[in-house]
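Here are the chains, one letter per residue:
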Amino acid sequence: MMSGESLQAALAQFLKTHPANRLENGDRIYDEPLVGIASANDPYFLEFTKPEVIGDVFRVPADWLDGAVSVVSFFLPFSEAVRKSNRTTGLPSPEWLHARFRGEDLNNEAKRFVVSLIEAKGHRAVAPTLDGRFTQTADFRSSWSERHVAFVAGLGTFGLSRGLITAKGMAGRFGSVVTDLEITPTERPYSNPFEYCLFLSGKAQCKVCVDRCPVQAITDEGKAHPPCSSYMRREDLVQDIRNRFGYRYLACGKCQTGVPCESRIPN
Ligand code: SF4
Ligand code: SF4
């Protein structure tokens, strides 16, 4: 019987031994992953299709896989080496950029790895963000949201910066796979979508992410996508990043580093 725990152990082993899980200086990109399981019929998925959440662009698990039963969600936390390098202000660190782009290739491989584990058990599996049907609208809504899925799968709650705060913080990458294999869902250890954020839960006047953002994209209302996206695509900065590293945009990430929720649930 496949369980969230056995998948987490297999994914941890995959990352531990993978040669691409390295920065240029040999430090790790990702630490040990977290895995959570959601029922494909969890009422939250339908909730996400409402305009005030994601909207009707969002596709529920059964749209991705006929007969979907479970959704495997995982978080790959960036290592201390990656996170520490980006705690500065200004442009993203070379280590952060490497982790964001090369690390995302590895995240995609991790999704394929989970698919292969499930298929080896004789079941079907789809990674929605790698599927040809995955779409994103001009107003930053997409047909599948890794963070929203991770929330349903018990991995964490949303922060003011709109990242998902997990037991290992928010600096890292998320992935997920929809399957017809029955896996026991993970119990959500929280009762509301904002419980771990100091500011949104009313625990403290944190707002460190607000001060970290170079373009004031984060306010008491949350993160506005347009200023963040315009900054990440600013031609002069992107040209520099392209010339030095070959990456296609500025993966800033300052709101995920140097914040109390960087690598843990803040208190
Ligand atoms: S930095 Fe503070 S306000 Fe911003 S997401 Fe983290 S806990 Fe919430
Ligand atoms: S990624 Fe950078 S620009 Fe975008 S919201 Fe976070 S800190 Fe601001």
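For the structure itself, consult the block above.
Residues numbered from 1 in each chain as written. Chains lettered and ligands numbered in written order. Predicted model: local features only at pLDDT ≥ 70, side-chain atom pairs only at ≥ 80, totals over all residues. Heavy atoms only, no water.

Caption draft 1: Quick peek at the site of ligand 2. Around ligand 2, the structure places C213, P214, V215, I218, K223, C228, Y231, M232, C252, G253, K254 and C255. A total of three residues in the shell around ligand 2 trace back to one element, the largest contributor, which is helix 8 (residues 225-232). Among the residues making up the shell around ligand 2, the classes are represented as nine nonpolar, one polar and two charged. (Near = heavy atom within 4 Å. Helix = DSSP H or I, 4+ residues; strand = E, 2+ residues; numbered from the N terminus. Nonpolar A, V, L, I, M, F, W, Y, C, P; charged D, E, K, R; others polar.)

Caption draft 2: Structural detail: the packing of helix 1 (residues 4-17) against helix 5 (residues 94-119). The contact between helix 1 and helix 5 brings their axes to 11 Å, and the two run at 135°. Between helix 1 and helix 5, the crossing angle belongs to the class labelled oblique. Remark: the crossing between helix 1 and helix 5 carries right-handed chirality. Residue-level inspection shows L7, A10, L11, F14 and L15 of helix 1 in contact with helix 5, the latter providing L106, E109, A110, F113, V114 and L117. Taken together, the residues of the contact of helix 1 with helix 5 break down into ten nonpolar, no polar and one charged. (Axes fitted to C-alpha atoms, helices over the stretch in contact; angles between N-to-C directions. Parallel < 35°, antiparallel > 145°, perpendicular 65-115°, else oblique. Left-handed = near helix turned anticlockwise from the far one by under 90°. Contact = heavy atoms within 4.5 Å.)

Caption draft 3: The sheet that holds strand 2 (residues 70-77), seen in detail. Spatial ordering of the open sheet is given by 1-2-6-3, a layout of four strands whose pairing is antiparallel. Here the strands that pair on one side only, and so sit at the sheet edges, are strand 1 (34-39) and strand 3 (125-126). Pairing between strand 2 and strand 6 (residues 172-179): eight bridges, direction antiparallel. The residue of strand 6 that forms the bridge with P77 is G172. On top of the sheet, helix 1 reaches strand 1 and strand 2; it is set at about 140° to strand 1, its chief contact. Together, strand 2, strand 3 and strand 6 form the strand contacts of helix 5, whose direction differs from that of strand 6 by roughly 25°. (Pairing = 2+ DSSP bridges.)

Caption draft 4: Looking closely at the pairing of strand 6. In terms of burial, strand 6 is a largely internal element, seven of the eight residues being buried. Taken together, the two bridges between strand 3 and strand 6 define a ladder with antiparallel strand orientation. Among the inter-strand pairings, V126 is bridged to a residue of strand 6, identified as V178. (Buried < 20%, exposed > 50% of the residue type's maximum accessible area, 1.4 Å probe, protein only.)

Caption draft 5: Helix 1, seen in detail. Spanning 14 residues, helix 1 covers 20 Å between terminal C-alpha atoms, matching the ideal 20 Å at 1.5 Å per step. Summarising the contacts, the buried residues of helix 1 are in contact with strand 1, strand 2 and helix 5. (Expected span 1.5 Å × (residues − 1).)

Caption draft 6: Structural view of the pairing of strand 1. Most of strand 1 is tucked away: five of the six residues are buried. Pairing geometry for strand 1 and strand 2, over six bridges, is antiparallel. Looking at strand 2, one finds that S39 is bridged to S70.

Caption draft 7: Representation of the pattern of salt bridges. For the coordinates displayed, the defined rule picks out 18 salt bridges. Put simply, R141 and D139 hold a salt bridge, and the shortest N to O gap is 3.3 Å. Residue classification places D139 among the partly exposed residues on the basis of a relative accessible area of 46%. Salt bridges linked by common partners bring E80, R83, R87 and E262 together as one network. (Salt bridge = Lys/Arg side-chain N within 4 Å of Asp/Glu carboxyl O.)

Caption draft 8: Looking closely at the packing of aromatic side chains. The final tally for this structure, using the stated rule, is 17 aromatic pairs. Relative to Y196, the ring of Y190 has its centre 5.6 Å away and its plane inclined at 90°; by these criteria the two rings are edge-to-face. Comparing Y190 with Y196 shows no difference in burial state: the two are buried. Judged by centre distance (6.0 Å) and plane angle (20°), the rings of F245 and Y247 are stacked. Look at F245 and you get partly exposed, because its relative accessible area is 28%. Here the aromatic cluster, defined as three or more aromatic residues joined through ring pairs, consists of Y44, F45, F48, F58, W64, W144, F151, F158, Y190 and Y196. Across the ring face of F101, the terminal group of R100 is positioned such that the distance to the ring centre comes to 5.7 Å. Note that R233 overlies the ring of Y249, its terminal NZ or CZ placed 4.7 Å from the centroid. (Phe/Tyr/Trp six-rings, centres within 6.5 Å; stacked < 30°, edge-to-face > 60°. Lys NZ or Arg CZ within 6 Å of the ring centre and 35° of its normal.)

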